[in-house]
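# Notes for the structure review
Each chain, letter by letter, is given below.
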Amino acid sequence: MPTVPKLQKQTFGARIADELRRSIFAGEIAPGSALIETALASQFGVSRGPLREAIRQLIDEGLLVQIPFTGTHVVELSEQAVREIYSLRTTLETFAFRLAWDRRDVEFANELKARQAALVEAIDLGDELECIRRELHLHSLVYETANHQILLEVWNGLKGKLQLYWASHHMAHGRHGPRRDSHDSFLDAALGDDLPAMEIEIETHMRLGSETTERFLKDRNQTA
């Protein structure tokens, strides 16, 4: 179990959840590891009440799972799960852009550029957690624009596990976050006038991410 800086009590559940995320994304708390409440409460310098609140939040996000008779664990990573999540993302994002294509306007373009700029700022700061949050925020815009509530709910339900796989993808490249230019072609296509080109960009973007993460997990599992 990693050593985590003690927190000021006024931060409580939300801050604890953030610190747990950081430790999980950095690989300090390994996939499949059990969380020991007493040890974590001591390390954070808080009571078990706010700690349990944070744990419940990460369970809801899909980063943690409760296993009967064994307790709470970090979600396991597998090559099969990576393939599934990226193939699902490809389908969802392609569908979202088809719905949103004719709804794009100046406001959409300005907001997409602003979210990309915010992501680049986090990349320059080397803040892994903030990079993941802002990358999610960037990709969320098309779902918000598609005017399809169930699609948006499905996307929101995918975010937790997606954060974990993005963290693994970054580790595969030895980086804290994506490359500064990793979304340039995505942005160009999303602001262009060629929907088939956008669909090709989505498929390529997802395929490369999936292949890199799968190789990383395969190599890590072979050396474990």
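Residues numbered from 1 in each chain as written. Predicted model: local features only at pLDDT ≥ 70, side-chain atom pairs only at ≥ 80, totals over all residues. Heavy atoms only, no water.

### A word on helix α3 (residues 48-61)
Condition: The secondary structure listing takes helices from DSSP runs of H or I that are at least 4 residues long and strands from runs of E that are at least 2 residues long, numbered from the N terminus. In this analysis, the expected span of each helix is defined as 1.5 Å times one less than the number of residues it contains.
Along its 14 residues, α3 runs 20 Å from first to last C-alpha, staying within 8% of the 20 Å computed at 1.5 Å per residue. A positive backbone phi angle near 90° is found at G62, which sits one or two residues after α3.

### Focus: the pattern of salt bridges
Formally: Basic side-chain nitrogens of Lys or Arg form a salt bridge, by our definition, when they fall within 4 Å of a carboxyl oxygen of Asp or Glu.
Counting across every chain of the model gives 19 salt bridges. Between D18 and R133 there is a salt bridge, with its nearest N and O atoms 2.2 Å apart. Taken together, the residues span a long stretch of sequence, with D18 in helix α1 (residues 12-25) and R133 in helix α6 (residues 128-145) at a distance of 115 residues. Of the charged contacts in the structure, one is a salt bridge between R21 and E61, with a shortest N-O distance of 2.6 Å. With R21 in helix α1 and E61 in helix α3, this pair connects stretches of sequence that are 40 residues apart.

### What to know about the packing of helix α5 (residues 106-125) against α6
As a reminder, the rule being used: Geometry is summarised by axes, namely lines fitted to C-alpha atoms with helices restricted to the contacting stretch, and by angles between N-to-C directions that run from 0 to 180 degrees. For classification purposes, an angle smaller than 35 degrees is called roughly parallel, one larger than 145 roughly antiparallel, one from 65 to 115 roughly perpendicular, and anything else oblique. By definition, any crossing whose near helix is turned counterclockwise from its far helix by less than a right angle is left-handed, and any crossing with a clockwise turn is right-handed. We call two residues contacting when some pair of their heavy atoms lies within 4.5 Å. Side-chain classes follow a simple rule in which Ala, Val, Leu, Ile, Met, Phe, Trp, Tyr, Cys and Pro form the nonpolar group, Asp, Glu, Lys and Arg form the charged group, and the remainder, Gly included, forms the polar group.
Contact geometry of α5 with α6 gives a least axis separation of 8 Å together with a crossing angle of 170°. With respect to α6, the axis of α5 lies roughly antiparallel. In this structure, α5 meets α6 at a crossing whose hand is left-handed. Across from F108, E111, L112, R115, Q116, A118, L119, E121, A122 and I123 in α5, the residues of α6 making contact are E130, C131, R134, E135, H137, L138, S140, L141, V142, E144 and T145. Split into classes, the residues belonging to the contact of α5 with α6 amount to 10 nonpolar, four polar and seven charged.

### Concerning the nonpolar core
Quick reminder of the rule: What makes a nonpolar core is a set of buried Ala, Val, Leu, Ile, Met, Phe, Trp, Tyr and Cys residues whose side-chain atoms join them at distances within 4.5 Å. Burial status follows relative accessibility: with a 1.4 Å probe on protein chains alone, a residue under 20% of its type maximum counts as buried, one over 50% as exposed, and anything between as partly exposed.
In terms of nonpolar packing, the biggest core is built from 60 residues, with L20, I24, F25, L51, F97, Y143 and M198 touching the most fellow members. No other element matches helix α7 (residues 149-172), which puts nine residues into this core. Look past the residues within four positions of L51 in its chain and what remains in contact with it is I16, L20, E37, L40, A41 and F44.

### A word on the packing of aromatic side chains
Defined as follows: Put simply, two rings from Phe, Tyr or Trp (the six-membered ring, in Trp's case) pair if the centres are within 6.5 Å, and we call them stacked under 30 degrees between planes, edge-to-face over 60, tilted for the rest.
Scanning all chains against the criterion turns up three aromatic pairs. Taken together, a centroid distance of 5.9 Å and an interplanar angle of 75° make the contact between F97 and F186 edge-to-face. One end of the pair, F97, is in helix α4 (residues 79-100); the other, F186, is in helix α8 (residues 184-190), with 89 residues separating them in the sequence. Each member of the pair F97 and F186 is classed as buried.

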